[in-house]
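The chain contents come next:
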Amino acid sequence: MTIGIAVVGYGYWGVNLTRNVAVAPTTELIGVVDPGSDRRELAEMNHAGISTWESIHDALDDERVQAIVLATPASTHVDLALAALERGRDILVEKPLAETSADAAKLRDVAADNGLVLMVGHTFLYSPPVLRLKELVDQGDLGAVQYLYSQRLSLGRIRRDCNALWNFAPHDVSIMLHLLEEPVVEVTAKGFSFIEQGIDDVCFASLTFASGIGANLHVSWIDPRKTRLTTVVGDEKMAIYNDVSVDQPLWLVDSGVAKDRDLGEYESMSDFQWRTRSGDIVIPRIEMSEPLKNEITAFGEACSTRNAPRTDGDHGLEVVRVLEAIDRSAQANGRPMEVPR
Ligand SMILES: NC(=O)c1ccc[n+]([C@@H]2O[C@H](COP(=O)([O-])OP(=O)(O)OC[C@H]3O[C@@H](n4cnc5c(N)ncnc54)[C@H](O)[C@@H]3O)[C@@H](O)[C@H]2O)c1
């Protein structure tokens, strides 16, 4: 069974989502909504025979549309998603789920109260290297995770409707939450704006997870080098996930620090020795597939089976809570902020 889909928003990302809705085994592309006539013409040209509409309400009047994929700017997510949910449609909302945790919670609750699927487009949780990294963490290959950090940097795709934090960091926060399966309790952050006052182009944030694990993230759209890097340091091994690498996206590094047992008993702190161990690097074989196609396939599956997707409303809400706290800390010049539960 395939699910009839209307994609709402045919901008930069909507084009990619629509292409995948058209080919994923669980979905059927019914049509595209965009207020721009040039965008609708482009959609008709790329996908012969589909319907196009100017407003989401017209698409929701069409009985063939069973579910919505929402790819409009974040400021419009809450109203458009509510419109779809109130008309009984399952929905995939692009990241971030909403601009505030109150709005994200409202969407999660309305979907749950009406038994509807709410999925969030946290694409990286459908990316094979991230899933493999999660397996390594879960199987204990790294030992106990000590800390992790993430860098998402590029020169460009500068937005004026949100800052670099809200544009890039949903991915990093989503990956970290998925890997550790525990909430972030506190954050500190600094943001810097260069292009337009009040819109941070760069953000450095430190996160503390419930068990005490520390994390750092650095996002920027003014950087000399495109970087998509997540490093996880365990007490036995370390992992480096480099999304920019085509053939080696994941490294498992057999390095660490250990007390030097060869020295025998130590009697004072000055005798206490640590030694670093620098071992082999293993590059796990990963069956690659397009994350966005996997994501759309999972959305169609969730609509058919009614099982919650991996990136459900709870996950989307948790990501927004962390981003909101990071933004508050950055605005307060780095004051630590609790992430409210
Ligand atoms: N998952 C990812 O990796 C990823 C990557 C890029 C963007 N995104 C997300 O996708 C969303 C869209 O980003 P984008 O870069 O494509 O933006 P964009 O500005 O390029 O496109 C947005 C489109 O939405 C249309 N639109 C605006 N209001 C509308 C409305 N009320 N009804 C229907 N269409 C409307 C605009 O005309 C435009 O064509 C954002 O939430 C963004 O964060 C996700």
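All of these numbers come straight from a predicted model, not from anything done at the bench. (Residues numbered from 1 in each chain as written. Predicted model: local features only at pLDDT ≥ 70, side-chain atom pairs only at ≥ 80, totals over all residues.)

## Re the nonpolar core
And then number 1: In this structure, A6, V7, V8, V69, L70 and I91 are the most contacted members of the largest nonpolar core, which totals 91 residues.
And then number 2: No other element matches the 10 residues that helix α7 (residues 164-180) contributes to this core.
And then number 3: Discounting chain neighbours no more than four positions away, the residues touching A6 are I30, G31, V32, V33, A59, V65 and I68. (Core = buried A, V, L, I, M, F, W, Y, C linked by C-beta atoms within 7 Å. Buried ≥ 20, exposed ≤ 12 C-beta atoms within 10 Å, placed from the backbone. Helix = DSSP H or I, 4+ residues; strand = E, 2+ residues; numbered from the N terminus. Contact = placed C-beta atoms within 7 Å.)

## A closer look at the pairing of strand β2 (residues 27-33)
And then number 1: Burial within β2 is extensive, with six of its seven residues counted as buried.
And then number 2: Here strand β1 (residues 3-8) pairs with β2 via six bridges, running parallel. Counted as the bridge partner of I3 is T27 from β2.
And then number 3: Each parallel crossover has a hand, and for β1 linked through helix α1 (residues 12-23) to β2 it is right-handed.
And then number 4: By the bridge criterion, three bridges tie β2 to strand β3 (residues 51-53) in an arrangement that is parallel. Looking at β3, one finds that V32 is bridged to T52.
And then number 5: This β-α-β element, β2 to helix α2 (residues 37-46) to β3, shows right-handed connectivity. (Pairing = 2+ DSSP bridges. Right-handed = clockwise from strand over helix to strand, strands pointing away.)

## A look at the packing of helix α5 (residues 101-113) against helix α9 (residues 313-331)
And then number 1: Orientation of α5 relative to α9, taken along the N-to-C sense of each, is 170 degrees, at an axis distance of 9 Å. In terms of orientation, α5 lies roughly antiparallel with respect to α9. Across the interface between the two elements, S101, A104, A105, L107, R108, A111 and A112 from α5 touch G313, D314, G316, L317, V320, R321 and E324 from α9.
And then number 2: The residue makeup of the contact of α5 with α9, split by class, is seven nonpolar, three polar and four charged. (Axes fitted to C-alpha atoms, helices over the stretch in contact; angles between N-to-C directions. Parallel < 35°, antiparallel > 145°, perpendicular 65-115°, else oblique. Nonpolar A, V, L, I, M, F, W, Y, C, P; charged D, E, K, R; others polar.)

## Overview of the sheet that holds strand β6 (residues 118-121)
And then number 1: Within the open sheet, the six strands sit side by side as β3-β2-β1-β4-β5-β6. Their pairing is parallel. The sheet is open, and its two edges are formed by β3 and β6, each paired on a single side. Strand-to-strand twist of the sheet, defined as the mean angle between neighbouring strand axes without regard to direction, takes the value 25 degrees.
And then number 2: Bridging between β1 and strand β4 (residues 67-70) involves four bridges; their strand directions are parallel. Each residue of the ladder has a partner; that of A6, found in β4, is I68.

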